[in-house]
Amino acid sequence: MSRRRSRLQSAVKAIHEPDMPSCPHSSFELVINRAKIDLSSLSHLCSMGYQFVPGMHYWYDNQSGAYGLVGGPALGFLQAGLNLGGTLGSDVSNGTTEIFVNGRHIHVQDLSNFQRIGFFPSPGRWWLDGSGVFGQEGKAPMGTLQLRSMARGRVEGLRTTINSPASPTAVTDKFSFATL
């Protein structure tokens, strides 16, 4: 197993498995959006059930709750609006897709995951909120991505509802894909 894949699995396991080690202590360092997180914020996250791997650098989208390792795609979703770390940079995922979601240039795997649920964003700038509502920047909502359940780093099912004049409630059925 490659070192990057092993680190990725550890990062996902730490976030989604409640039996990981207890809350961080003073030597624990966590970097989110290029800013070191203080011990008080770490303790708060721990009390909410989130666990992180020390020494890893994460990105976090405050608007949608999406998170991942710097340089990679989204690994899953935390609660939106946690105000963690610094400002989300457009380059945190090493995106090459010409598609930006909440300012983040998305990774090709993010695009593939969107397409698997029936969402085919055109190149440009998009927004996504914590309840899954999405649209093009500066425009009205276009639909909803619905997370059905997430466990152990796997998205068990998502559903996309797309608003359109021809079919106001077109739905792409449930599917499964791994975020690893």
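Residues numbered from 1 in each chain as written. Predicted model: local features only at pLDDT ≥ 70, side-chain atom pairs only at ≥ 80, totals over all residues. Heavy atoms only, no water.

Quick notes on the nonpolar core
Among the nonpolar cores identified, the biggest contains 18 residues, and L30, I32, F52, Y58, Y60, L78 and L82 are the most heavily contacted of them. Elements represented by at least two residues in this core include exactly α2 (39-47), β3 (57-60) and β4 (66-69). (Core = buried A, V, L, I, M, F, W, Y, C linked by side-chain atoms within 4.5 Å. Buried < 20%, exposed > 50% of the residue type's maximum accessible area, 1.4 Å probe, protein only. Helix = DSSP H or I, 4+ residues; strand = E, 2+ residues; numbered from the N terminus.)

Thoughts on the environment of F134
Along the polypeptide, F134 turns up in strand β9 (residues 133-136). Taking the C-alpha atoms as reference points, F134 and S64, 70 residues apart in sequence, are found 9.6 Å from one another.

Describing helix α3 (residues 108-116)
Because the α-helix completes a turn every 3.6 residues, residues three or four places apart line up on one side. Burial in α3 covers these residues: D110, L111, N113 and F114. Seen along its axis, α3 keeps its buried residues to an arc of 160°; they face one direction. (Arc of directions from axis to C-beta.)

Digging into the pairing of strand β8 (residues 124-128)
Examined bridge by bridge, strand β6 (residues 99-101) and β8 share three bridges and lie parallel to one another. Paired with V101 across the bridge in β8 is W126. The hairpin turn running from β8 into β9, its antiparallel successor, is four residues long, and G132 in that turn takes a positive phi close to 95°. (Pairing = 2+ DSSP bridges.)

Notes on the pattern of salt bridges
Here the structure, examined in full by the defined rule, presents four salt bridges. Across the salt bridge formed by K36 and E29, the nearest N and O atoms sit 3.6 Å from each other. With its nearest N and O atoms 2.8 Å apart, the salt bridge here joins R34 to D91. Here D91 lies in the loop between β5 (76-77) and β6 and R34 lies in the loop between β1 (31-32) and β2 (35-36), a separation of 57 residues in the sequence. Relative accessible area serves as the criterion here: at 55%, R34 is assigned to the exposed category. (Salt bridge = Lys/Arg side-chain N within 4 Å of Asp/Glu carboxyl O.)

Points about the sheet that holds β1
Pairing in this open sheet of five strands is mixed, and the strands run β2-β1-β3-β4-β5 from one edge to the other. The strands lining the two open edges of the sheet, one partner per strand, are β2 and β5. Relative to β3, β1 runs parallel, the two sharing two bridges. When the sheet's bridge partners are listed, I32 is paired in β3 with Y58.

So, the side chain of H105
Here H105 is to be found in strand β7 (residues 104-105). Overall, H105 belongs to the buried group, its relative accessible area being 17%. Within the local environment of H105, its side chain forms a polar contact with the backbone oxygen of G95, the two atoms lying 3.2 Å apart. Non-local contacts of H105, meaning those with residues more than four positions away in its chain, are made with S90, S93, G95, T96, T97, E98, I99 and F100. (Polar contact = N/O pair within 3.5 Å; in protein donor to acceptor, adjacent residues only side chain to side chain. Contact = heavy atoms within 4.5 Å.)

Keep in mind these numbers describe shape, not what the thing actually does.
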